[in-house]
Amino acid sequence: MPEISTQLLVIGGGVTGLGVAWDACLRGLKVVLIEQNDIGQGTSGRYHGVLHSGARYAISDPGSAKDCATENPIIRHIAPHTIEETGGFFVSTPADPIDYPDRWFAACHEHGVYVEEIPTDLALRTEPSINPRISRAFRVLDASLDSFELLQTLVVAIQRAGGQVWLRHRLEDLTLQGDAVVGAEVTNLTSGERITIRANYFVNAAGPWVRRIANLAGIDIPIALGKGAMIALASRPVHTIINRCRPPSDGDIIVPVGTVAVLGTTDVEVESPTELAIGQREIDFLLAQCEILLPELAKSRPLRAWAGIRPLYRSSGEGFGRTRGLPRGHVLLDHNDRDGVKGMASIFSGKLTTFRLMAEQAVDLVVEQIGVGLSCRTAEIPLDPERTQFFQLPKRFEEIATPDQTEREQIICECEWVNRSAIEEAIKSSSSLDLDDIRRKLRLGMGPCQAGFCGYRAAGIAYEVAPSPHTDGRLEAFLRARWRGLRPLGWGETLRQMEITRRIYVDLLHTPETQEPPQ
Ligand SMILES: Cc1cc2nc3c(=O)[nH]c(=O)nc-3n(C[C@H](O)[C@H](O)[C@H](O)COP(=O)(O)OP(=O)(O)OC[C@H]3O[C@@H](n4cnc5c(N)ncnc54)[C@H](O)[C@@H]3O)c2cc1C
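Just so you know, these numbers come straight off a predicted model, no measurement behind them. (Residues numbered from 1 in each chain as written. Predicted model: local features only at pLDDT ≥ 70, side-chain atom pairs only at ≥ 80, totals over all residues. Heavy atoms only, no water.)

### Quick look at the pattern of salt bridges
Under the counting rule described, the total for this entry stands at 35 salt bridges. Here Arg56 makes a salt bridge to Asp252, at a shortest N to O gap of 3.1 Å. Taken together, the positions of Arg56 in the loop between strand S3 (50-51) and helix H2 (62-78) and Asp252 in the loop between strand S14 (241-244) and strand S15 (253-257) put the pair 196 residues apart, joining distant regions of the chain. Note on accessibility: Arg56 and Asp252 belong to one class, buried. Note that Glu85 and Arg76 form a salt bridge whose closest N and O atoms lie 2.4 Å from each other. Judged by its relative accessible area of 55%, Glu85 falls in the exposed class. Looking at Arg76, the relative accessible area reads 21%, which means it is partly exposed. Taken together, the shared-partner salt bridges connect Asp38, Arg168, Asp436, Asp437, Arg439 and Arg440 into one network. (Salt bridge = Lys/Arg side-chain N within 4 Å of Asp/Glu carboxyl O. Helix = DSSP H or I, 4+ residues; strand = E, 2+ residues; numbered from the N terminus. Buried < 20%, exposed > 50% of the residue type's maximum accessible area, 1.4 Å probe, protein only.)

### Examining the domain arrangement of the protein chain
Each domain of the protein chain was delimited in the assignment, giving domain 1 (3-43 + 148-222 + 327-370), domain 2 (82-144 + 224-313) and domain 3 (389-483). Inter-centroid distance (C-alpha atoms) of domain 1 to domain 3 is 31 Å. Contacts between the two partners involve eight residues from domain 1 and, on the opposite side, eight residues from domain 3. Where domain 1 abuts domain 3, roughly 780 Å² becomes buried across the two surfaces, and 49% of that area is made up of carbon and sulfur atoms. (Domains from an automatic or database assignment. Contact = heavy atoms within 4.5 Å. Buried area = accessible area lost by both parts, 1.4 Å probe.)

### Topic: the site of the ligand
For the ligand, the set of nearby residues contains 36 residues, the closest of which are Thr16, Glu35, Ser44, Val50 and Thr353. The separation between an oxygen atom of the ligand and a polar side-chain atom of Glu35 is 2.7 Å. Val50 has a polar backbone atom sitting 2.8 Å from a nitrogen atom of the ligand. Relative to its unbound accessible surface of 1,000 Å², the ligand loses 96% to contact with the protein. Counting only elements with at least two residues in the shell around the ligand, the list comes to helix H1 (15-26), strand S2 (31-35), strand S10 (169-177), strand S13 (223-233) and strand S18 (302-313). Grouping the amino acids of the shell around the ligand by side-chain chemistry returns 13 nonpolar, 19 polar and four charged. When residues are assigned to domains, the shell around the ligand turns out to be shared by domain 1 (3-43 + 148-222 + 327-370) and domain 2 (82-144 + 224-313), each giving three or more. (Near = heavy atom within 4 Å. Polar contact = N/O pair within 3.5 Å; in protein donor to acceptor, adjacent residues only side chain to side chain. Areas by Shrake-Rupley, 256 points an atom, 1.4 Å probe, with all protein chains shown as cover. Nonpolar A, V, L, I, M, F, W, Y, C, P; charged D, E, K, R; others polar.)

### Focus on the sheet that holds strand S8 (residues 143-145)
Working definition: the strands of a sheet are paired by backbone hydrogen bonds and lie parallel or antiparallel to each other. Taken together, three strands build an open sheet; the order of strands is S3-S8-S4 and the sheet is antiparallel. Edge positions in the sheet fall to S3 and strand S4 (83-84), since each has one partner strand and no second. The pairing of S4 with S8 spans two bridges and is classified as antiparallel. The partner of Ile83 across the bridge, within S8, is Leu145. (Pairing = 2+ DSSP bridges.)

### Here we look at H1
Counted at 1.5 Å a residue, the expected span for H1 with its twelve residues is 16 Å, and the 16 Å between its end C-alpha atoms agrees. Of the positions making up H1, those classed as buried are Val15, Thr16, Gly17, Leu18, Gly19, Val20, Ala21, Trp22, Asp23, Ala24, Cys25 and Leu26. Taken from the residues just after H1, Gly28 is the one with a positive phi, measuring 90°. (Expected span 1.5 Å × (residues − 1).)

### What to know about the packing of H1 against helix H5 (residues 147-160)
The description of two helices packed together rests on the angle between their axes and the distance between the axes. The geometry of H1 relative to H5 is characterised by a closest axis approach of 9 Å and an angle of 30° between their N-to-C directions. Compared by their axis directions, H1 and H5 come out roughly parallel. In this structure, the crossing between H1 and H5 has a hand that is left-handed. Taking contact as the criterion, the partners of Val15, Leu18, Gly19, Ala21, Trp22 and Cys25 in H1 are, on H5, Leu150, Leu151, Leu154, Val155, Ala157 and Ile158. Classifying every residue of the contact of H1 with H5 by side-chain character gives eleven nonpolar, one polar and no charged. (Axes fitted to C-alpha atoms, helices over the stretch in contact; angles between N-to-C directions. Parallel < 35°, antiparallel > 145°, perpendicular 65-115°, else oblique. Left-handed = near helix turned anticlockwise from the far one by under 90°.)

### Description of the pairing of strand S16 (residues 260-264)
Extensive coverage of S16 is indicated by the burial of five of its five residues. Across four bridges, the pairing between S13 and S16 is antiparallel. Within S16, the position partnered with Leu233 by the bridge is Ala261. Across five bridges, S15 lies against S16 in antiparallel orientation. Its bridge partner being in S16, Ile253 is matched across the sheet by Gly264. Here S15 folds back onto S16, and the loop between the two strands holds two residues, one of which, Gly258, carries a positive phi near 55°.

In structure tokens, the structure reads:
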């Protein structure tokens, strides 16, 4: 079995693990990160998209509020290319508690969160679609943040700083010597090869899988898994992030991101990190709650629904089902201190907004324990946007509109304007033929038709790049992922689109009928 050695092994390629690897590389450590899937398949690719100002948590979780308020300007400084300056409003609708805004306003001030009360008619002039009966309105420093863009930039930053990111490598087991973790057994899921990685230190950043990884070292971490469902609308009825001014609850936020607006969210306790199916009742409830904010919501076309899972530290042993009340702040566990197991720490929960701070604290611990490494520099060194593989829609219009490009470019995904050469390049540069990986890089299939027309075209390109009877870009799995979350939204335009797509793939191309997971 091949064996390699490193100073730090990071388990998990979500924003937390990537943040840890980037920070550690900048401090001069030799780092390997393993991720069982592609980048962004865990919670980091399944979130709302808010760079929080902290206002949302001012009363319910002041620690998180302060962390978000501190990190918000830092993320704007180091990753401005991932952010859209939407701004944020908190508004009181007739359904919200009348005494909440004053208490919340005072809490924001106490915890250093910027908030400014504005006249309701100014809020309504800026966002004419929101409920005209709002009684109060506040402006905060929320923004929308494209996590796929951020994750890709982090991968490039790690590689440029000398670190290694191994995608499709799954941790199978941890090896202990006495009371210390010293090695990891890893499977390369592409080749099937088993590899041993020896390291001076291990950081468990496996998000909702954090407990499973800790178990491999004989450690238990009591967590609850809270599933949150979200719905993307095919348009942006608002251009500012709109929050209801009430204690954080289900269906109280609308986030414009890129070409869509995201309605969020619910909070249902589940048993497993892969329990992502969304029930009809969750959808109906979410829509009804968001309709209080946006009375004309029924006229907007829902595009799809999806869910992400929060690992929440259940330190006080509450019963199953009560996840809304659990703290959302991040947790860093030094397993030497807590469990008498040397060489490993776990970091989880928190916010995407606070990933840099979480990474800084985790790597401070690593440096302290292994006795080498510089001080943290991630707050000062901007991530380099030039090196990402991402394209944003306006940029794509500009590129495609130049006369010489029009001559030779074939548009494969009309919704997101993905052209043939971008797909060919993505396949060649990542050596992955999986359409779902290409989707995360280029937004292929993420527009209103949900891969209805680009799926089979892109599968054809994958075959051209690597001709083999088995090359189809894993079209069936790609379609299954695109169609998951559509059924609970199956009415009006969405139903019509679903039916056209089904006829293209199932009736015409004889792709097996894919089943959604049970509701
Ligand atoms: C519904 C919802 C909405 C949210 N909205 C926001 C928001 O608007 N703003 C905000 O700031 N935060 C938000 N958050 C929080 C934010 O999304 C998370 O804090 C963040 O994404 C967590 O990242 P992570 O890296 O810790 O976990 P993940 O992104 O889940 O990454 C963990 C990774 O570990 C990998 N892994 C697991 N087991 C193994 C193994 N054996 N071997 C190798 N790899 C493994 C997984 O594949 C996964 O990719 C939201 C969370 C939810 C659930």
